[in-house]
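Below are the chains, spelled out letter by letter.
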Amino acid sequence: MTRVVVTGMGILAPTGNNVAEAWQNALEGNSGIGEITLIDTSKIPVTIAGEIKNFNPENFMEPKEARRSTRFVQVAIAAAKEAVDSAGLNDTAFHRDHFGVSIGVGIGSLQLIEENTIGFLDKGFKRVSPFLIPYCITNMAAGMVSMLYKLKGPNICTTTACTSGTHGIGEGYLLIKSGMAKVMLAGGTEAAVSNLGITGFAAMKALCTEYDDPKTSSRPFDIRRNGFVMGEGAGLIVLEELEHAKRRGAKIYAEMVGYGMSADANHITAPAPEGEGAHRCMAMAINSAGLSPQDVDYINAHGTSTKLNDLCETQGIKSLLGEHAYKVAISSTKGVTGHCLGAAGGIEAIYTIKALEDQIVPPTANLTQPDPECDLDYTPLAAKKRVMNYGLSNSFGFGGTNGSVLFKRWQD
């Protein structure tokens, strides 16, 4: 039986530009949400987001390439470099034909589309960049990362809305289990803080518009929640066949033991009633690991801070876990990051792995008035120590697409 382990991690998030910083801020409940600086917000209805801070793409790629490329590609490359470095793969001889990339992207480059549309309407086709198409298509993050490291194994991009990053990890896992790869760099990236991105989500009443302080605007499972806060970032992990990792003496952070996905088949944006689709997705991940629902110790919830999503996820967890639902530790780290869309699954998988490694549950920030219908242990405000062996990370996306990945604490 092929076993798959995590040997590297890399992250850029509103909470920090490396795993140590992003994790510490998540544990302390330090929000990365603030007023938008990336664009002029004078003509758009929402002015807050979870932006990456102090990011210079030229620290990670050649200046010329940085000028041509787009932000979702740039942050993916930065996260990839940390993940590969932490896995010790820069200094190790390995067969690049067996090393692949699976990076999920939900939207791609709205900024580039905006800029070129304005240029075209203003001065015609000569103002359209020859890099428009290559750099706005979603698979360019996976493509650029593979070119950076000359990785010639499987190369795929999952574009499944807010589940993209989780599906990116899950598909990387399956490629190793099937024998098509020995190592996969997997996760998600997104950078959609733009006029179109903010305005589009605001038009459908999905974004938070009522808050006293930007840092408290994302409040999963709180009765006052009124929409999600857009975030950006990238979260990538190195998945590796266990025996391959052992042969090269790699540090192992966790074992990935399960993956599930399902469709709500219900509505373009609303989840299935009572979390039925989420239930089946989580059950698939748990069953694929040969476990029972009672084995799950921690769930990093999708928890977007929207009325319907938080309620339906709560109902799905209850219907799956029964009485154990009240014993399992749960949290939504979107309280400090906002919703990073296609990158959310990658970032939150890393938080789940760190929770198992450090045996501590990150809090749900800003959860001061719990919704009575969301009455599980959502770890309000403060992290807590806890013995945990199995952690589940959930992502659910528009179009009714669901994904869950299950990790096991690594103990030699």
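Heads up: these notes are all about the structure in this document. (Residues numbered from 1 in each chain as written. Predicted model: local features only at pLDDT ≥ 70, side-chain atom pairs only at ≥ 80, totals over all residues. Heavy atoms only, no water.)

**Things to note about the pattern of salt bridges**
Consideration 1: Inspection of the entire model under this criterion finds 13 salt bridges.
Consideration 2: Note that Arg225 and Asp310 form a salt bridge whose closest N and O atoms lie 3.2 Å from each other. Taken together, the residues span a long stretch of sequence, with Arg225 in the loop between helix H8 (195-203) and strand S7 (233-241) and Asp310 in helix H11 (residues 307-321) at a distance of 85 residues. Here Arg225 and Asp310 have matching classes, each one buried.
Consideration 3: The salt bridge partner of Glu348 is Lys334, with a shortest N-O separation of 2.8 Å. With Glu348 in helix H13 (residues 344-358) and Lys334 in helix H12 (residues 334-337), the pair connects residues that are 14 residues apart, well separated along the chain.
Consideration 4: Beyond isolated ion pairs, a larger network of salt bridges with shared partners links Lys251, Lys354, Glu357 and Asp358. (Salt bridge = Lys/Arg side-chain N within 4 Å of Asp/Glu carboxyl O. Helix = DSSP H or I, 4+ residues; strand = E, 2+ residues; numbered from the N terminus. Buried < 20%, exposed > 50% of the residue type's maximum accessible area, 1.4 Å probe, protein only.)

**Quick notes on helix H1 (residues 19-28)**
Consideration 1: Every buried residue of H1 is listed here: Val19, Ala22, Trp23, Asn25, Ala26 and Leu27.
Consideration 2: The inward-facing, buried residues of H1 contact strand S1 (4-12), helix H3 (71-86), H12, H13 and strand S11 (360-361).
Consideration 3: Sitting at the head of H1, Asn18 places a side-chain oxygen 3.3 Å from the backbone nitrogen of Ala20.
Consideration 4: Immediately beyond the C-terminal end of H1, within one or two residues, lies Gly29, with a positive phi of roughly 70 degrees. (Contact = heavy atoms within 4.5 Å. Polar contact = N/O pair within 3.5 Å; in protein donor to acceptor, adjacent residues only side chain to side chain.)

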